[in-house]
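Now for the letters of each chain:
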Amino acid sequence: MKESRRSFIKKTTVAGSAAIVAPTLISANVFGANDRINAAVLGLNGRGKAHVSGLMNQENVQVTTLCDPDMNVLQERQKAFKEKYNKDVSLVQDLRRVFDDKDIDVVSIATPNHWHALSVIWACQAGKDCYVEKPGSHNIWEGRKMVEAVHKYDRIVQHGVQLRSSPAVNQAIQLLREGYIGRVYMSRGLVFRWRPDIGDQGFSPVPDGLDYNLWTGPAPMRPFTRNLVHYNWHWHWDYGNGDVGNQGIHETDLCMWGLDVGLPTKITSMGGKFLWDDCKEVPEVLTSVYHYPEENKIIQFEVRPWCTNSEEGAEVGNIFYGDKGILVVDGYDKFKTYLGQNREPGISGDDGGIAASGIDRGAGGTDGHFANFIQAVREHDASILNAPVETAHLSSGLAHLGNIAYRMGKVLTFNPQAEHFVNDPEADEMLSRNYREGFEVPNIV
């Protein structure tokens, strides 16, 4: 029987991993006194706050270190930590000092996207396990290097897509696998988030307390502007990936998971800035199509930033199409099904979150996702991870491919095994980027 491309990808991933496995590296303190796991959180302005609480809610886990290039942010978080937990916590601006600290067992990464993969690689080299926010990588090349490092150094790495720890979403995936809506041939990802005009604040002096060199890290150094620090870097190519690479990674991940596919062969994407004359570089509106001719499947992905309709009640979520019905995932933790031409309501599931459309993280949520991560760390067993590093590379890679197709303005043909475009060196150049001296991604061999 002819082997499917999906099976080939799965087998070559395992084979490639086996070729680079190195001896296990364990922290010198072996989880500290009384089997306690000491954790550091990198990046404290946004999702890092949820990382702190997610880790502190785990049994016998202690956040000992907060790391951020902005000392102003660190001091605010230190005060909040003391008020909430009545404990002291160390402050570090340079993440490399975190990796040097033998008393830290795990690191949780909530930095801007351009730091994600390199942080994971450095942490793995230091013998530490990682939880990394989405997207796992800023580009496809460094995502592959991240996967190679995780296997070479035998580390545990969880990708921050919390819906993989949702009981309801897992039930939905099981229904798809069992054929509840028939042969599933298409998935649709929705990211309809309110994203206003961000203006253009121009250049200004670096604020006191911010180490802008560390903030920039491996990305190209630009003059300081509040257009980047601390949130709007998402909308600039050197640091972020637009909303398809921000909120959208949850949905790209679910599109691929539900269809049981890897990276696609054909990609096209169109969109633009139709609303605001601001300093964003990324498109506000984006529609991407990913075609899998070998599997006879297709993914559609849409980003909308402003006034819009919902689709099947979802504004942030996924829709799966089968020959017997559809399955709609709303946000991170609930789904419904509709069967047949008359759209008869079928099985539904809900973790009990108080909000829909992607705002609430659900009962599985951040705490549940961290619980799965900590269990895998304690058992040193990557096979029990809900979102292992390979899924981080694939779901992030799907977003990156759509962005490249948009920037190139044409239909691209991609070779998933080689992870290169077919006869398109210009597009291939966009699979990576130039890394600043001193912050290069190390060669993983």
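Presented here is an overview of the structure given in this document. (Residues numbered from 1 in each chain as written. Predicted model: local features only at pLDDT ≥ 70, side-chain atom pairs only at ≥ 80, totals over all residues. Heavy atoms only, no water.)

Excluding glycine, residues mostly have negative phi values, and the peptide bonds linking residues are mostly trans. The linkage connecting Lys134 with the following residue, Pro135, adopts the cis geometry, with an omega of -10 degrees. Tracing the chain through its elements places Pro135 in the loop between strand S5 (129-133) and helix H6 (140-152). At the junction of Val229 and His230, the peptide bond is cis and its omega measures out at 15 degrees in the coordinates. Relative to the assigned elements, His230 resides in the loop between helix H8 (212-216) and helix H9 (248-259). The backbone of Asp260 shows a phi angle near 60 degrees, a positive value even though the residue is not glycine. Counting through the fold element by element, Asp260 comes out in the loop between H9 and strand S8 (266-272). Taking relative accessible area as the criterion, Asp260 reaches 28% and is therefore assigned partly exposed. The backbone of Asn296 shows a phi angle near 60 degrees, a positive value even though the residue is not glycine. Structurally, the position occupied by Asn296 is in the loop between strand S9 (285-292) and strand S10 (297-304). (Helix = DSSP H or I, 4+ residues; strand = E, 2+ residues; numbered from the N terminus. Buried < 20%, exposed > 50% of the residue type's maximum accessible area, 1.4 Å probe, protein only.)

Time to look at the packing of aromatic side chains. Under the definition given, this model contains 14 aromatic pairs. An angle of 50 degrees between the planes, with centres 6.0 Å apart, marks the rings of Trp141 and Tyr435 as tilted. Separated by 294 residues along the polypeptide, Trp141 in helix H6 and Tyr435 in the segment after helix H12 (425-428) bring together distant segments of the chain. Relative to Phe224, the ring of Tyr212 lies with its centre 5.3 Å away and its plane at 85 degrees, an arrangement referred to as edge-to-face. In this pair, Tyr212 sits in helix H8 while Phe224 sits in the loop between H8 and H9, placing the two residues twelve residues apart along the sequence. Given the relative accessible area of 4%, Phe224 is considered buried. (Phe/Tyr/Trp six-rings, centres within 6.5 Å; stacked < 30°, edge-to-face > 60°.)

A separate point is the pattern of salt bridges. For the structure on display, the rule yields 25 salt bridges. Between Arg433 and Glu142 there is a salt bridge, with the nearest N and O atoms lying 3.6 Å from each other. Taken together, the positions of Arg433 in the segment after H12 and Glu142 in helix H6 put the pair 291 residues apart, joining distant regions of the chain. When sorted by exposure, Arg433 lands in the same class as Glu142, which is buried. Linking Lys273 and Asp278 is a salt bridge whose minimum nitrogen-to-oxygen distance equals 2.8 Å. With relative accessibility at 30%, the residue Lys273 sits in the partly exposed group. By relative accessible area, Asp278 is classed as buried at 9%. Salt bridges here are not isolated pairs; linked through shared partners, they connect Asp94, Arg96, Arg97 and Asp100. (Salt bridge = Lys/Arg side-chain N within 4 Å of Asp/Glu carboxyl O.)

What follows covers the side chain of Asp68. Structurally, the position occupied by Asp68 is in the loop between strand S2 (61-67) and helix H3 (71-85). One buried charged residue, Asp68, forms no salt bridge at all, with the nearest opposite charge on Arg77 at 7.3 Å. Reaching out from Asp68, the side chain makes a polar contact with the backbone nitrogen of Asp70 at a distance of 2.9 Å. (Lys, Arg positive; Asp, Glu negative; His and termini not counted. Polar contact = N/O pair within 3.5 Å; in protein donor to acceptor, adjacent residues only side chain to side chain.)

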